[in-house]
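Per-entry structural report
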Amino acid sequence: ALGGTVAEPKVTAATEPLLLNAIRGEDVERPPVWLMRQAGRYMKSYQIICEKYPSFRERSENVDLVVEISLQPWKVFKPDGVILFSDILTPLSGMNIPFDIVKGKGPVIPNPLCTAVDVEQVREFVPEDSVPYVGEALTILRKEVDNKAAVLGFVGAPFTLASYVVEGGSSKHFSKIKRLAFSQPKVLHALLQKFTTSMAKYIQYQADSGAQAVQIFDSWATELSPVDFEEFSLPYLKQIVDSVKQTHPDLPLILYASGSGGLLERLALTGVDVVSLDWTVDIAEGKRRLGQNVAVQGNVDPGVLFGSKEFITNRINDTVRKAGRGKHILNLGHGIVVGTPEENVAHFFEVAKGLRY
Ligand code: CP3
């Protein structure tokens, strides 16, 4: 280097986690593999923690528990990605929106937002003040995993977060958020903008704390028709990607939307590095539609894990063959379903890690 200083040796591909190399399109010997919701209720070890700590908020907001739960699947299955145990709703309390996750019911927002005044009272998120346990947990995970896998962070996308806080929880018809979108669009846009600024900051905070890639969940954006997706989701996703790329140009961003087959080309327009496909899309077609710059993740039906071992093996092979060599992260098409036999998950990882292109 100029000036006689010794340059820091550039980290070579071999010392970097397989998952990052695959996203960059480097020549890898097999697709990296991890599973959405890989930490959770299908694991006996998680259920034991739930008995001792029945509150989801406590399990997901205490550094030691977050680290322990995040590492449970890592210790047993050695996936190529270790995702932080948390929830997309975790930032809400720091934005002045109380929430809980109730057993058997799911997310509950006791005071759903519906007016301009409600939206004005939403505070912008300062991650280091509101969720310091997330940063601390990521830093510890990064040390524990030590580049043998990639540590993954995640956030909820603005539209999906808005759907929870306007509906008051999970929803079937999304009628409340659609009423807002289609009768008072300005109010919804103001809320989406607050989530956008906040989630961009949250991604940057996660990366600074140790996350090596971050997945954005826009699980319910596909409830929108394409024309509405273009108004209420796409511009905000683009804004998040643009602002994160300015500060963290090398941080891979993964985008997941459930049921996204009608929107793939639009998802690629966000500028993310990876699009995570659900199982209703043929992954070869998906890859073609997304174009060469985008890597694909997915997309085995989570229900396959209820099949025989032979069936699971066949579906892994089928998916990997269709995805083609490189730029593929093997995963499910959505989160693991409660009740999935742990031995089938073990089989999935064993087969996946034994693959060679
Ligand atoms: O993938 C992982 O292992 C990391 C953990 C993770 C959780 N939630 C833990 C969790 C992740 C990535 C999420 C993201 C999340 N949360 C999404 C996007 C992913 C998707 O499924 O599309 C969404 C929509 C939510 C909101 C949410 N939180 C739902 C719909 C539920 C399930 C409600 C239920 O009872 O089934 C939760 C609760 C939740 N988050 C659980 C877990 C393991 C289950 C509750 C528990 O373990 O006590």
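In this text the structure is predicted, and so the values were computed from the model without any measurement.

1. Topic: the overall build of the chain
Looking only at helices and strands, the chain has 16 helices and nine strands in total. A globule of 357 residues ought to have a C-alpha radius of gyration of about 21 Å, and the chain, at 20 Å, matches this closely. Taking all 357 residues of the chain together, the buried fraction comes to 46%. Considering only residue pairs separated by 6 or more positions, the chain has 71% of its internal contacts joining residues 24 or more positions apart.

2. A closer look at the packing of helix α15 (residues 309-323) against helix α16 (residues 342-354)
For the pair α15 and α16, interaxial distance at closest approach is 10 Å and the crossing angle is 40°. With respect to α16, the axis of α15 lies oblique. Of the two elements, α15 crosses α16, and the hand of that crossing is right-handed. In contact with Lys-309, Ile-312, Thr-313 and Ile-316 of α15, α16 contributes Asn-344, His-347, Phe-348, Val-351 and Ala-352. Its residues assigned to classes, the contact of α15 with α16 comprises five nonpolar, three polar and one charged.

3. What about the sheet that holds strand β9 (residues 328-332)?
One open sheet accounts for seven strands, arranged β1-β4-β5-β6-β7-β8-β9; its pairing is parallel. Lying at the two open borders of the sheet, with one neighbouring strand each, are β1 (81-83) and β9. On average, each strand axis in the sheet is tilted by 25° relative to the strand beside it, whichever way the strands run. Relative to strand β5 (residues 213-217), strand β4 (residues 150-156) runs parallel, the two sharing five bridges. Bridge pairing links Gly-156 to Phe-217 in β5. Running over the sheet, helix α10 (residues 185-209) touches β4 and β5 and is turned about 165° from β4. In the packing of α15 onto the sheet, the strands contacted are β8 (295-300) and β9, and the crossing angle to β8 comes to about 155°.

4. Observations regarding the site of the ligand
Taken together, 21 residues sit near the ligand, with Ala-39, Gly-40, Gly-106, Phe-217 and Ser-219 positioned nearest. Taken together, the residues of the shell around the ligand break down into 11 nonpolar, seven polar and three charged.

5. Considerations on the environment of Pro-235
Note on placement: Pro-235 falls in helix α12 (residues 234-247). Each C-alpha atom, one on Pro-235 and one on Arg-315, is 35 Å from the other, the two residues being 80 residues apart in sequence.

6. A short note on the UniProt feature "domain: Uroporphyrinogen decarboxylase (URO-D)" (unreviewed entry) in the chain
UniProt's feature table lists "domain: Uroporphyrinogen decarboxylase (URO-D)" (unreviewed entry) at residues 32-41 and 152-168, given in the numbering used throughout. Secondary structure over residues 32-41 splits into 0% helix and 0% strand, and the C-alpha atoms at its two ends are 23 Å apart. Annotation note: span residues 152-168, helix share 59%, strand share 29%, distance between end C-alpha atoms 28 Å.

7. Remarks on the packing of helix α14 (residues 283-290) against α15
Between α14 and α15, the shortest axis-to-axis distance is 7 Å and the interhelical angle comes to 25°. Of the possible angle classes, the one that applies to α14 and α15 is roughly parallel. Judged by the sense of rotation from one axis to the other, the crossing of α14 with α15 is right-handed. Residue-level inspection shows Ile-283, Ala-284 and Lys-287 of α14 in contact with α15, the latter providing Thr-319, Lys-322 and Ala-323.

8. Thoughts on the pairing of β5
One face of the sheet, then the other: side chains in a regular strand alternate in exactly this way. Burial within β5 is extensive, with five of its five residues counted as buried. The alternating pattern of β5 places Ala-213, Gln-215 and Phe-217 on one face and Val-214 and Ile-216 on the opposite face, and all of these are buried. With four bridges joining them, β5 and strand β6 (residues 253-256) adopt parallel strand pairing. The residue bridging Gln-215 from the neighbouring strand is Ile-254, located in β6.

9. Describing the environment of Asp-27
Structurally, Asp-27 can be placed in the loop between α1 (18-23) and α2 (44-52). According to the C-beta neighbour criterion, Asp-27 is exposed, with 10 such atoms within 10 Å.

Basis of the calculations
- Residues numbered from 1 in each chain as written.
- Predicted model: local features only at pLDDT ≥ 70, side-chain atom pairs only at ≥ 80, totals over all residues.
- Helix = DSSP H or I, 4+ residues; strand = E, 2+ residues; numbered from the N terminus.
- Rg over C-alpha atoms; globule rule 2.2 N^0.38 Å.
- Buried ≥ 20, exposed ≤ 12 C-beta atoms within 10 Å, placed from the backbone.
- Contact = placed C-beta atoms within 7 Å.
- Axes fitted to C-alpha atoms, helices over the stretch in contact; angles between N-to-C directions.
- Parallel < 35°, antiparallel > 145°, perpendicular 65-115°, else oblique.
- Left-handed = near helix turned anticlockwise from the far one by under 90°.
- Nonpolar A, V, L, I, M, F, W, Y, C, P; charged D, E, K, R; others polar.
- Pairing = 2+ DSSP bridges.
- Near = placed C-beta within 6 Å.
- UniProt positions renumbered as here; feature names shortened; annotations may be inferred.

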